[in-house]
Amino acid sequence: NRPCLLEDKVDFTHELSVIVARNASGETMSYTVVEMEFHPTANQVEYVIAPARIDPELHQRAQELAEKVADEMDIVGLLAVELFLMGSGQLLVNEVAPRPHNSGHVSIEASYTNQFEQYLRAILDLPLGPTKQKTAAVMVNLVGAEGHTGPPIYKNMEQVLAMKGVTPHIYGKQRTRPVRKMGHVNIIDADVDQARKKAEKVKSKISVISYE
């Protein structure tokens with residue numbers, strides 16, 4: 001009963017993201033292409049997998065496209081460029097975000113320069129830091145559990161902290177509610193598939209609840 005926009009359905013196989021850094025001098029660098037897996041009903045990212053499990057030629061095309069978007073927009077700072085990968089191999093730009101982004105959080109543990117340091121370098125027109133990944137990584141979003149609203153309790157945090165290569169990041173929000181982003185956990189491993197398996201184990205253990 002109100003105006004809306006109806007778009008054609010896009011039959012994509014993967015949703016990808018590239019973080020591009022660009023300073024006022026025009027120096028541009030992009031991070032590793034990451035792959036995003038979404039919750040089937042909440043329309044929210046559950047896992048970010050770095051590097052994306054795609055072939056090198058496609059990886060390069062995704063980075064080049066993201067850098068072109070950043071240059072055309074004359075961005076200073078960071079630009080997250082989200083992409084749909086079609087079955088034909090075509091890449092479509094789905095969304096852009098001019099800021100540090102959820103899809104770049106893996107850089108905290110996995111990259112030589114994390115996205116937050118890079119953001120400061122870019123806006124201060126300093127030389128950009130290397131964006132190469134040191135290791136494969138997967139991020140798991142921590143969201144509020146269904147049926148829980150109030151001061152957060154991070155259930156089974158001790159078990160997660162005992163796991164090798166696992167680092168939780170808590171956002172300090174004072175109240176949780178269902179599917180609210182409350183933090184994330186980064187998992188690093190030399191093998192991306194092993195990191196993905198470990199991420200699933202992390203997700204099955206930790207939950208954000210409240211007794212209020």
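Residues numbered from 1 in each chain as written. Predicted model: local features only at pLDDT ≥ 70, side-chain atom pairs only at ≥ 80, totals over all residues. Heavy atoms only, no water.

Enquirer: Give me the overall build of the chain: which residues, what numbers.
Expert: Scanning the chain for helices and strands turns up five helices and eleven strands. Over its C-alpha trace the chain gives a radius of gyration of 18 Å, about what one expects of a compact globule, namely 17 Å for 212 residues. Overall, the chain is about 50 × 50 × 35 Å in size when its C-alpha atoms are taken along their principal axes. Among the 212 residues that make up the chain, the fraction classed as buried is 46%. A separation threshold of at least 6 residues defines the contact pool for the chain, and within that pool the share at least 24 residues apart is 64%. Carbon and sulfur atoms provide 51% of the accessible area of the chain, an area that totals close to 11,200 Å². (Helix = DSSP H or I, 4+ residues; strand = E, 2+ residues; numbered from the N terminus. Rg over C-alpha atoms; globule rule 2.2 N^0.38 Å. Buried < 20%, exposed > 50% of the residue type's maximum accessible area, 1.4 Å probe, protein only. Contact = heavy atoms within 4.5 Å. Areas by Shrake-Rupley, 256 points an atom, 1.4 Å probe, with all protein chains shown as cover.)

Enquirer: Got a sec to walk through helix 1 (residues 56-72)? Specific residues and values, please.
Expert: Each full turn of the α-helix corresponds to 3.6 residues, which orients residues three or four apart in the same direction. Given a rise of 1.5 Å per residue, 17 residues ought to cover 24 Å, and the 24 Å separating the end C-alpha atoms of helix 1 matches this to within 8%. Within helix 1, the full set of buried residues consists of Leu58, His59, Ala62, Gln63, Ala66, Val69 and Ala70. Here the buried residues of helix 1 occupy an arc of 135° about the axis, which is enough to place them on one side. Those residues of helix 1 that are exposed and angled more than 90 degrees off the buried face are Pro56, Lys68 and Glu72. Looking at the buried positions of helix 1, the neighbouring elements they touch are strand 1 (12-22), strand 2 (28-30), strand 5 (77-86) and strand 6 (91-97). Capping the start of helix 1, Asp55 holds a side-chain oxygen 3.1 Å from the backbone nitrogen of Glu57, two or three residues further along. Phi turns positive one or two residues past the end of helix 1, at Asp74, with a value near 55°. (Expected span 1.5 Å × (residues − 1). Arc of directions from axis to C-beta. Polar contact = N/O pair within 3.5 Å; in protein donor to acceptor, adjacent residues only side chain to side chain.)

Enquirer: Quick rundown of the side chain of Thr32? Include the residues and the values.
Expert: Within the secondary structure layout, Thr32 lies in the loop between strand 2 and strand 3 (34-38). Looking at Thr32, the relative accessible area reads 16%, which means it is buried. A polar contact is formed between the side chain of Thr32 and the side chain of Gln133, at a distance of 3.4 Å. Residues within four places of Thr32 in sequence aside, it is in contact with Ser17, Pro51, His59, Gln63 and Gln133.

Enquirer: Break down the environment of Met36 for me, with residues and values.
Expert: Inspection of the secondary structure puts Met36 in strand 3. Taking C-alpha positions, Met36 is 23 Å from Arg22, a pair spaced 14 residues apart along the chain. Beyond its immediate sequence surroundings of up to four residues, Met36 is in contact with Glu15, Leu16, Ser17, Val45, Tyr47, Val48, Glu82 and Ser103.

Enquirer: A description of the pattern of salt bridges should follow, citing residues and the corresponding values.
Expert: Scanning all chains against the criterion turns up twelve salt bridges. Glu46 is the salt-bridge partner of Lys203, the closest N and O atoms lying 3.4 Å from each other. Here Lys203 is found in helix 5 (residues 192-205), whereas its partner Glu46 is found in strand 4 (residues 45-50), with 157 residues between them in sequence. The partner of Arg61 in a salt bridge is Glu57, and the shortest N-O contact between them spans 2.8 Å. (Salt bridge = Lys/Arg side-chain N within 4 Å of Asp/Glu carboxyl O.)

Enquirer: Let's hear about a nonpolar patch on the surface: which residues, and what values?
Expert: A contiguous nonpolar surface patch, about 440 Å² in accessible area, is contributed by Val76, Leu120, Ile123, Leu124 and Leu126. Position of Val76 relative to the elements: it lies in the loop between helix 1 and strand 5. (Patch = residues over 30% accessible without salt bridge, like charges linked within 9 Å, V, L, I, M, F, W, Y side chains within 5 Å.)

Enquirer: Before we move on, can you summarise the nonpolar core with the specific residues and values?
Expert: Counting 20 residues, the largest nonpolar core has Val166, Val185, Ile187 and Val202 as its most contacted members. Elements that contribute at least two residues to this core include exactly strand 4, strand 7 (136-143), helix 4 (157-161), strand 10 (181-189) and helix 5. Counting 17 residues, the second-largest nonpolar core is a separate cluster that includes Leu16, Val18, Ala52 and Ala62. (Core = buried A, V, L, I, M, F, W, Y, C linked by side-chain atoms within 4.5 Å.)

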